[in-house]
Amino acid sequence: MNAFEIHGGKPLKGEIIPQGAKNEALQILSAVLLTEEKMTISNIPDIKDVNKLIDLLGSLGVATTKINKDTYEFEAKNINTDYFTSEEFKQKGGGLRGSIMIVGPLLARFGKAAIPKPGGDKIGRRRLDTHFIGFEKLGAKFVYDVENEFFNVDASHLQGTYILMDEASVTGTANIVMAAVLAKGTTTIYNAACEPYLQQLCKMLNRMGAKISGIGSNLLTIEGVERLGGTEHRMLPDMIEIGSFIGLAAMTGSEITIKDVCYKELGIIPTVFQRLGIKMELRGDDIYIPAQDSYEIDTFIDGSILTISDAPWPGFTPDLLSIVLVTAIQAKGNVLIHQKMFESRLFFVDKLIDMGGQIILCDPHRATVIGLNKQTKLRGIPMSSPDIRAGVSLLIAALSAQGKSTIFNIEQIERGYQNIEERLKALGADIRRIEAQPMGH
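Criteria and thresholds
- Residues numbered from 1 in each chain as written.
- Predicted model: local features only at pLDDT ≥ 70, side-chain atom pairs only at ≥ 80, totals over all residues.
- Heavy atoms only, no water.
- Domains from an automatic or database assignment.
- Salt bridge = Lys/Arg side-chain N within 4 Å of Asp/Glu carboxyl O.
- Polar contact = N/O pair within 3.5 Å; in protein donor to acceptor, adjacent residues only side chain to side chain.
- Helix = DSSP H or I, 4+ residues; strand = E, 2+ residues; numbered from the N terminus.
- Nonpolar A, V, L, I, M, F, W, Y, C, P; charged D, E, K, R; others polar.
- Pairing = 2+ DSSP bridges.
- Axes fitted to C-alpha atoms, helices over the stretch in contact; angles between N-to-C directions.
- Contact = heavy atoms within 4.5 Å.

1. Brief notes about the domain arrangement of the protein chain
Here the protein chain is described as being made up of domain 1 (2–19 + 237–435) and domain 2 (22–234). One C-alpha centre belongs to domain 1, the other to domain 2, and the line joining them spans 31 Å. Applying the counting rule to domain 1 against domain 2 returns 1 salt bridge. Here R415 and D49 are joined by a salt bridge, their closest N and O atoms 3.3 Å apart. Where domain 1 touches domain 2, the interface holds 3 residue pairs in polar contact (both at pLDDT 80 or more). Listing elements by their share of the side of domain 1 that touches domain 2, those giving two or more residues are α8 (239–252) and α13 (411–414). Residues of the side of domain 1 that touches domain 2, tallied by class, amount to 9 nonpolar, 5 polar and 8 charged.

See below:
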């Protein structure tokens, strides 16, 4: 087991470049299966979930060529569709929630697929019904093979239709869009997710020859086409990383420049951090954050306590709520964090309370943070990371805390953030990787 050992409590300084967006990458890379022509994809983040998917594509028969550290060429000419029933796929596909994203493209192009029951982060009950219901409406038939824990899917005649999504799931929308681009007739998806990740996917599919309109809205219209061609595509920077670095700068009182952020794609994110009292300037396409001794949380116009909650895009992304929560610990003032979209993502606040944070967990979905205004520092402690987002929040807390923190289970962090330790060291952070016994041993 690896762990991070962090000596916190000192300001950082410098520039940091956000990686390519992980959520976009999982969709875009799956889409290479829609054409037999060459696809060139750049700004691919070098992280476990993405590399696993690239590996899985290779096993399916996609010719993959690494051009440089963040750019690959893919050619999905000769696909082995029987690979799904192999023992090897069971091992590779089973451990990757992202593997669900290859189903839409495979159904569209080959009319069949098989998928193991996916695993992934423990965040309550992320079910895949949205995907399956969408595929069924397009005419796919599912048979669950209990013995092998596989779904076999037959989709030899996909037909365009009207789909009202039961929830605006990003991966669900992407998967259904990819299945629909090659279906016969017109598909309309209402209550579609409209995250930048998805807009990027739709724009790329259109460059490949798809006919998708309504991009950026929650009503997508897709006219099925016969075939798609190749194209080039560059991933947006990861908005979750950008938000994490804004929180990090404020919490540690650091002067940090976040490079090439594609500001207009960040939506409401900068505004939410500004409501916590964090100063920032847009310089070209970089966000500059000055070193701040103190930042004060806004109140509502009538003076009542600010609430920050997550919502489907263009609302505030649930993935940054834990970052806002941790950043609020050292703010002046109070805020109520309301996590509406997922179960049990707030339980990591126990560790922040152990470090000295003034937080009241009201229920599994709400936490009140009473800001310390940097009057006292957090104290470093040993802790373990339950999921990918909480892991980075704990990392930010540790970097701002007095003394030594050890974070175990850092695999969770590294699933989503590439070379995070080197990039933080470049800002002057005292962080190193150590061999460690897991906590409780």
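Moving on, there is more to tell.
2. Some thoughts on the sheet that holds strand β14 (residues 255–258)
Taken in spatial order, the 4 strands line up as β2-β14-β16-β15 in an open sheet, and their pairing is mixed. With one partner strand each, in any of the chains shown, β2 (13–16) and β15 (281–283) form the two edges of the open sheet. On average, each strand axis in the sheet is inclined to that of its neighbour by 20°, with strand direction left out of account. In this structure, β2 lies alongside β14, joined through 4 bridges in parallel fashion. Of the residues in β14, the one forming a bridge with E15 is T257.

3. A few points about the sheet that holds strand β13 (residues 232–234)
Taken in spatial order, the 4 strands of this open sheet run β4-β5-β3-β13, and their pairing is mixed. This sheet does not close on itself; its edge strands, each paired only once, are β4 (63–68) and β13. This sheet shows a mean twist of 20° between the axes of neighbouring strands, independent of strand direction. The sheet contact formed by β4 and strand β5 (residues 71–75) spans 5 bridges and is antiparallel. The residue of β5 that forms the bridge with T65 is E73. Here helix α1 (residues 22–31) sits on the sheet and contacts β3 (38–42), β5 and β13; the angle it forms with β13, its principal contact strand, is near 170°. Packed onto the sheet, helix α7 (residues 196–207) meets β3 and β13 and runs at close to 165° relative to β13.

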